[in-house]
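Residues per chain are reported as follows:
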Amino acid sequence: MRVRPNRFSLVLTLLGLFVGGGAQATSAPVADPEPTTRHGETDGQHARRMQWFADAKLGIFIHWGIYAVDGIDESWSFFNGKVSHEDYLKQLRGFTASAYDPQEWARLIRQSGARYAVLTTRHHDGVALWDSRQGLNVVRDTPAGRDLVGPFVDALRANDLKVGLYYSLPDWSYPDYDVFTRKQKRYALGAEPQRWQRYLDYYQGQIADLQQRYQPDLIWFDGDWEHNAGEWQSAKLRSDMRARNPDLIINSRLNEYGDYATPELGVPVVKPGQPYWELCLTMNRSWGYQPRDTEYKSPHQILQILSQTLSMGGNLLLDIGPKADGSIDPRQVEILEKLGRWTRKHAEAIYGTTAGIGLDHFAGPSTVSKDGRTVYLFLDGAPNGDLLVKGFDSKVLRARVVGGDQPVQARVLGKYDWSRHPGLLFLSVPRAALDPDITVVALELDAPVKLYREESKPIESNG
Ligand code: GLC
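Note that the coordinates shown come from a computational prediction; the quantities given were computed from them, not determined experimentally.

A. Spatial organisation of the site of the ligand. In the region of the ligand, the neighbouring residues are His63, Glu74, Asp222, Glu264, Cys280 and Trp287. Grouping the amino acids of the shell around the ligand by side-chain chemistry returns two nonpolar, one polar and three charged.

B. Fine view of the pairing of strand S2 (residues 116-122). Here S2 lies mainly inside the structure; seven of its seven residues are buried. By the bridge criterion, four bridges tie strand S1 (residues 58-62) to S2 in an arrangement that is parallel. Each residue of the ladder has a partner; that of isoleucine 62, found in S2, is leucine 119.

C. A look at the nonpolar core. Membership of the largest hydrophobic core comes to 115 residues, with the highest contact counts inside it found for Ala117, Val118, Leu165 and Val441. Counting the residues that make up this core, at least three belong to each of domain 1 (45-345) and domain 2 (355-445). Excluding its chain neighbours within four sequence positions, the residues that come into contact with leucine 165 are Val118, Leu119, Thr121, Leu210, Tyr214, Pro216, Ile219 and Trp220.

D. Inspection of the sheet that holds strand S8 (residues 354-355) at higher detail. Judged by pairing direction, the sheet is antiparallel, and its five strands sit side by side in the order S8-S9-S10-S15-S12 without closing on themselves. Unpaired on one side and paired on the other, S8 and strand S12 (396-401) mark the two borders of the sheet. Across five bridges, the pairing between S12 and strand S15 (residues 438-445) is antiparallel. Bridge assignment links valine 396 to a residue of S15, and that residue is leucine 445. Set on the sheet, helix H12 (residues 299-311) makes contact with S8, strand S9 (366-368), strand S10 (374-380) and S15; between it and S9 the angle comes to about 40°.

E. Broad picture of the pairing of strand S4 (residues 218-222). By the criterion of burial, S4 is predominantly enclosed, with five of the five residues buried. Burial along S4 is two-sided: the face carrying Leu218, Trp220 and Asp222 and the face carrying Ile219 and Phe221 are both buried. With five bridges connecting them, strand S3 (residues 162-168) and S4 associate as parallel partners. Pairing of tyrosine 166 across the sheet is with tryptophan 220, part of S4. As for the winding sense of the linkage, the β-α-β connection from S3 through helix H9 (residues 193-214) to S4 is right-handed. The pairing of S4 with strand S5 (residues 249-250) spans two bridges and is classified as parallel. Paired with leucine 218 across the strands is isoleucine 249, a residue of S5.

F. Focus on the domain arrangement of the protein. Per the domain assignment, the segments of the protein are domain 1 (45-345) and domain 2 (355-445). Each of domain 1 and domain 2 has a C-alpha centre, and the two are 38 Å apart. Looking at the side of domain 1 that touches domain 2, the elements with two or more residues in it are H12 and helix H13 (330-345). When residues of the side of domain 1 that touches domain 2 are assigned to their parent elements, the largest contribution, seven residues, is made by H12. Within the side of domain 1 that touches domain 2, the residues separate by chemical class into four nonpolar, six polar and two charged.

G. Representation of unusual backbone geometry within the structure. With phi around 55°, alanine 97 is a residue other than glycine that occupies positive phi space. Take alanine 97: it is sitting in the loop between helix H5 (85-90) and helix H6 (102-112). Even without glycine at this site, glutamine 233 takes up a positive phi of about 60°. Take glutamine 233: it is sitting in the loop between helix H10 (229-232) and helix H11 (234-244). Among the residues examined, glutamine 233 registers 17 C-beta atoms within 10 Å and is labelled partly exposed.

Basis of the calculations
Residues numbered from 1 in each chain as written. Predicted model: local features only at pLDDT ≥ 70, side-chain atom pairs only at ≥ 80, totals over all residues. Near = placed C-beta within 6 Å. Nonpolar A, V, L, I, M, F, W, Y, C, P; charged D, E, K, R; others polar. Buried ≥ 20, exposed ≤ 12 C-beta atoms within 10 Å, placed from the backbone. Helix = DSSP H or I, 4+ residues; strand = E, 2+ residues; numbered from the N terminus. Pairing = 2+ DSSP bridges. Core = buried A, V, L, I, M, F, W, Y, C linked by C-beta atoms within 7 Å. Domains from an automatic or database assignment. Contact = placed C-beta atoms within 7 Å. Axes fitted to C-alpha atoms, helices over the stretch in contact; angles between N-to-C directions. Right-handed = clockwise from strand over helix to strand, strands pointing away.

This is the structure:
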């Protein structure tokens, strides 16, 4: 297990920044009615730029690189001294991409119900998947011998999927990068500022190159923990990138200069405080292809995680790790296909929704439609009796099972005219309508959902 203590503290710091970064009301009669938030953008502009991402809910992460050849940890295996750098790079010779079928990848991704994908264009090992001018790349240095990014980007666009490109700020193989392995540093930044400047020019040049060639909708940085914002020139990078594409979305791993938070592997226990976030998750324990790793989550478990994520208002970025020839392990294909069955059937409860009503009100995940007038309750397994919803202060016009529209009986019990307490809402879901994985019940309301949250007290006057 690798230990990287700063990631969690970074996420916590970001949490604080986002929570604290709310809009301030202003009384000055200025022309712009919207208060400025972060990086010179108003709340409204930020929300408009983030809209597709917030609505997308499911993305597919793809870790593809030479590490699939020996099936070892992506980049970390040499960083942590499990193999030498020299042995790690021998994998260059085995990276063929001979069965690479980007159309098939895009079709599978589309079919899973994802609305975007994020491909590792260059991991910490520095091996670029495109014909980069400098550094290692698969075109020059592997038998694959061609650009692997462009065809995938085209296939995503042809399938109406948004394009995300992962890029590691550190390149542990590059002679002008200061960090080499966990134990070895090449040089100290202060001692060789020109050398660090060469690295900055190299990596920022690669970002410009990626943007010019592929016009990504999203750039997913990684590895910012090795340097601070000043050293990376994060502010400059952000403004250069946004100048090339004002609509670009950037993940949080650019010190404090990103647009959304990226909790990793651990499904959040409490709802993250920041408005936009995305949980990135492996299907087994590994990001890249590791045939010895058989600890796969089942399709049902992944649906449970997706439901939890939706319920807390986040996105799930689920990872696949293609083999060195570009084919995808059948276990990963199966998960994508099973996800697809469920997401297709329950689309209205997934895409464009917001966080649910919370566990105080319903003992399970839930989501709410953007207009607030439909509440979706996620039911894992078959209940022994009715479902219970508490503190539900809205009138249910109609209750139904999503996907087949079977009616659900909704009854309010324990409501007294003289009490503000809305009583208990009981729902009888027909057994025949249950989904083999997770059933979703839609409650259609006469107005945006209202929740009653007063503390229960003795009632001093009945009637
Ligand atoms: C971590 C790992 C990296 C992986 C990434 C995905 O930062 O360093 O190997 O690509 O998480 O979130």
